Amino acid sequence: MRHNDKYCELPIMNKPNRISKIQMLHMELTKAIRDGELRPGDKLPTESQLCSTYSVSRITVRSALSLLVNEGLLFSQQGKGTFVLDHTEAPLTIGVVLHQIAHEGSQLFKYYSRFTVRILNHIEEETRKNGANVLLYVDNGNVETERENLLNIANRRLDGAIVFYIGEEENLDCLQKIQDAGIPLVLIDRWIDGFESDCVATNNFKGAYEATSLLINRNVSPIIHLTDSEGVSSIFDRSEGYKMAMRSHYRSDVEIKSVTHDYAQSLEESAYELIKGMLGNVGDSFGLFAANASAMVGAWRAISESGMDTKRLALACFDELPIELPSDVYFANVIQPIEQLGEVAVRAIMNRIAGSKDNQRFILEPRVEVLSSEAISINGD
């Protein structure tokens, strides 16, 4: 690579409120590179000159430059200085924002190891195949943390963003800032009404419809839908699939119970309390379709403690359970295409980077497995 040993003059830094000096210098240098003021091969001013130009300390300069080197925008050569890396040679960096990742041994791990961790593994694998890197952000179920993460992606001007979004109306402006910065954005698992972006999700309506239809075929009553209070498209579509299946089979006993929660363990506990309070009013049989595995685990704990005859039961839920049900319990499990969700999200990002303009919604088909001693196929195979 050819270098321009004469360093380039840089603009004076504007100081936005509530941003550290390191972040401000990082943003100014990044902008200079993106806008072409600093071109591939250009040599940056010395640390002393940067300190003087931006009125910052040497530690601040070194920290900001280190961030840019880690992001693949700069590289240093000992004894020669710091240079702008040729973007055609630098690997792309894709920001991935996930709502939760739990460490092994924690209460959350039994849920998130089966979905979030697995989907991250497939995103990372597919990203690597495309010669890019993943920069992971975790919200820990906190909308304010998500906001910080999304703004970080926009300010750092990463090459793409894959987001498991939880912010509802609160953080839409952050998603818009990502798009306004020209960063390709793909939402995963759910979409947002009225917000235009690429999205990759499971066909939640179909999965819920087929699972509920299987419960109906067991001739149990009532068939209750235990759902999550989170107002996102995936949860909404599962409720709609349940209602459509009930109507299609001329069932009038539609009953939806919504569980309020903050994290998966509280959802499990809330589901346990709700179902425990209902079981005394259940008749000769009982059907339950849960929107997710954590709700089903709580419900099953209440059912098993009640001593109910398991042959009177018919259960169904989305996603793999972290527990094993008795073999005589009829259980329909809706399995999401986790590998495909990750792969298609990365392909959508790469297509955007390559110049694709049209927003696309990729809906992937789940499969329904019946796990019981009387297992039947949803397709009648």
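Structure: see above.
Residues numbered from 1 in each chain as written. Predicted model: local features only at pLDDT ≥ 70, side-chain atom pairs only at ≥ 80, totals over all residues. Heavy atoms only, no water.

Q: Please explain the packing of aromatic side chains as it appears in this structure.
A: Aromatic ring pairs: the centre-centre distance and the angle between the two ring planes describe each pair. According to the stated counting rule, one finds 4 aromatic pairs in the structure shown. Measuring from centroid to centroid gives 5.6 Å for Phe75 and Phe83, while their planes differ by 25°, and the two rings are stacked. According to the relative accessible area criterion, Phe75 is buried, its value standing at 16%. With centroids separated by 6.5 Å and ring planes inclined at 20°, the aromatic side chains of Phe205 and Tyr209 adopt a geometry described as stacked. Linking Phe205 with Tyr209, this pair stays in helix H8 (residues 204-217), spanning 4 residues, or about one helical turn. Stacked on the ring of Tyr272, the Lys or Arg Arg301 has its end atom at 3.9 Å from the ring centre. (Phe/Tyr/Trp six-rings, centres within 6.5 Å; stacked < 30°, edge-to-face > 60°. Buried < 20%, exposed > 50% of the residue type's maximum accessible area, 1.4 Å probe, protein only. Helix = DSSP H or I, 4+ residues; strand = E, 2+ residues; numbered from the N terminus. Lys NZ or Arg CZ within 6 Å of the ring centre and 35° of its normal.)

Q: Can you help me understand the sheet that holds strand S12 (residues 286-290) in this one?
A: Hydrogen bonding along the main chain pairs the strands of a sheet, whether they run parallel or antiparallel. Here 6 strands make up an open sheet; going across it, the order is S11-S10-S12-S13-S14-S16 and the pairing mixed. Pairing within the sheet leaves two strands with one partner each, and these edge strands are strand S11 (254-259) and strand S16 (367-370). In this sheet, adjacent strand axes meet at a mean angle of 20° when their direction is disregarded. Relative to strand S13 (residues 313-318), S12 runs parallel, the two being bridged by 5 bridges. For Leu288, the partnering residue across the bridge sits in S13 and is Leu315. Each of strand S10 (223-228), S12 and S13 touches helix H11 (residues 293-306); the most contacted strand, S13, lies at about 155° to it. (Pairing = 2+ DSSP bridges. Axes fitted to C-alpha atoms, helices over the stretch in contact; angles between N-to-C directions. Contact = heavy atoms within 4.5 Å.)

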